[in-house]
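Report on the structure
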Amino acid sequence: MEQWKEQLEQLKIQFEPWKNQANDQLEQLKNQANDQLEQLKIQLEPWKNQVEQQLQPAIEYLNQIPPVQLYAAIAVLIISTLFLFSIRLFKRTKSNTIVLTGLSGSGKTVLYYVLRDGSSHQGTVTSMEPNEGTFALNSESNKKGKIKPVHLVDVPGHSRLWPKLDDFLPQAAGIVFVVDAVEFLPNCSSVSEYLYDILTKASVVKKKIPVLICCNKSDKVTAHTKEFIRKQLEKEIEKLRASRSAISAADISNDFTLGVPGQVFAFSQCRNVVTIVEASGLKGEIAQVEQFIREHVKP
C-alpha cells in the first residue's frame, strides 16, 4: 500500500505542470473572447446610435397618440393580417380537381375528351390507366377574361381498378359519376354497388364532395330517363343498406352508412349534394356537366 501511495504522489507531481498549463490556456481563451466581445460592442455602437436616431421621431409620434387609439390601431392591424392570411390560405387549398368515374363502357373517356378539346374519338375509347390533364374547358377556349383551368381525371371503370379512385378522391372538388343510360338495367346492380361505395367513403362524406350522376347516351331512343335511373338506383342502394347492415361490424369496409334509419333511402338524405342530369358525350350535349364543373371550380 505504501508503495502505491508513493507512485500516486509521483504521478500527481508529474501532472501538476500539465494542469497549470491547461489553466493558463483556458484563461487566455477567456481573455481573448472578452476582448472580441468588447471590439464587437464598439463596432456596433455607431449602428445602435443610428437606429435610435431613426426611431426617435416614430417613438415621439407614438407617445403623442392617446393609448386607446394606439391599442385600437394595433388591434385593427392584427385582425387585418389574420383575415388576409386566412383568405390566402383558403384560396391556396381550394381544389380544381374533377373526378370522372363509373363502370367501363359508360362513356367517361369520351366525355373527358369532349370536355378537353371537343373531340369524341368516335366513341371507341377504352382506358385502363387514368387520363389526367389540367386545361380550360373546350367550350370556354374562346372566352375572354380570367378562366380557371380544370384538373380533370378520368378513372378507369373496371372493377379491378376501382381502388385507383382512392388516389384522387381526397383532392376532388366534385365527382361526375357516369352511367350508361342505354345499358343501365343489365348493369344496375354493379352501378349501384360502385356508387354506394363512393358515397360511403370518408374522403367524400367528411368533405361533402358534391356528386353529379351523369346519365350518358341520353340521345339514344332506348335510353332510360334520369328519373327512372334515379328511382332504380335508390331502390338498389336501399337493398345494399339492408344487406350490409346485417354484416358484422368487423366485416364492413365502408366508412359511413347511408340514409336515415327507419326511412327508405333517397339521395336527398346524403350528407353531400347528389344531383342527376342527362347528357350525350358523342353529341356534345354536356352543358349541365360543364355547369356542375364551373359551380365547383370557380375562376
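You'll find the structure just up there.
Notes on the structure in this doc start here. Computed from a predicted structure; not experimentally measured.

Turning our eyes to something else, we now look at unusual backbone geometry. A positive phi angle, near 50°, is found at Lys-208, a position not held by glycine. Summarising the element assignment, Lys-208 is placed in the loop between helix 5 (202-205) and strand 5 (211-216). Positive phi values are uncommon outside glycine, yet Lys-217 reaches one of about 65°. Looking at the secondary structure, you find Lys-217 in the loop between strand 5 and helix 6 (226-245).

Enumeration over the complete set of coordinates arrives at eight salt bridges. Across the salt bridge formed by Glu-236 and Lys-239, the nearest N and O atoms sit 3.5 Å from each other. Here Glu-236 and its partner Lys-239 are both found in helix 6, three residues apart, which amounts to about one turn of the helix. Looking at Lys-239, the relative accessible area reads 53%, which means it is exposed. The shortest N-O distance in the salt bridge between Glu-238 and Arg-241 comes to 2.8 Å. Residue Glu-238 and its partner Arg-241 are both found in helix 6; the two are separated by three residues, about one turn of the helix. Residues participating in the shared-partner salt-bridge network are Glu-227, Arg-230 and Glu-234.

To continue, consider the pairing of strand 5. Regular strands have side chains that alternate between both faces of the sheet. Counting buried residues in strand 5 gives six out of six residues, a clear majority hidden from the surface. Here strand 5 shows a buried face lined by Val-211, Ile-213 and Cys-215 and a second buried face lined by Leu-212, Cys-214 and Asn-216. Looking at chain direction, strand 4 (residues 172-180) and strand 5 are connected through six bridges and run parallel. Paired with Val-179 across the bridge in strand 5 is Cys-215.

Quick notes on the rules
- Residues numbered from 1 in each chain as written.
- Predicted model: local features only at pLDDT ≥ 70, side-chain atom pairs only at ≥ 80, totals over all residues.
- Heavy atoms only, no water.
- Helix = DSSP H or I, 4+ residues; strand = E, 2+ residues; numbered from the N terminus.
- Salt bridge = Lys/Arg side-chain N within 4 Å of Asp/Glu carboxyl O.
- Buried < 20%, exposed > 50% of the residue type's maximum accessible area, 1.4 Å probe, protein only.
- Pairing = 2+ DSSP bridges.

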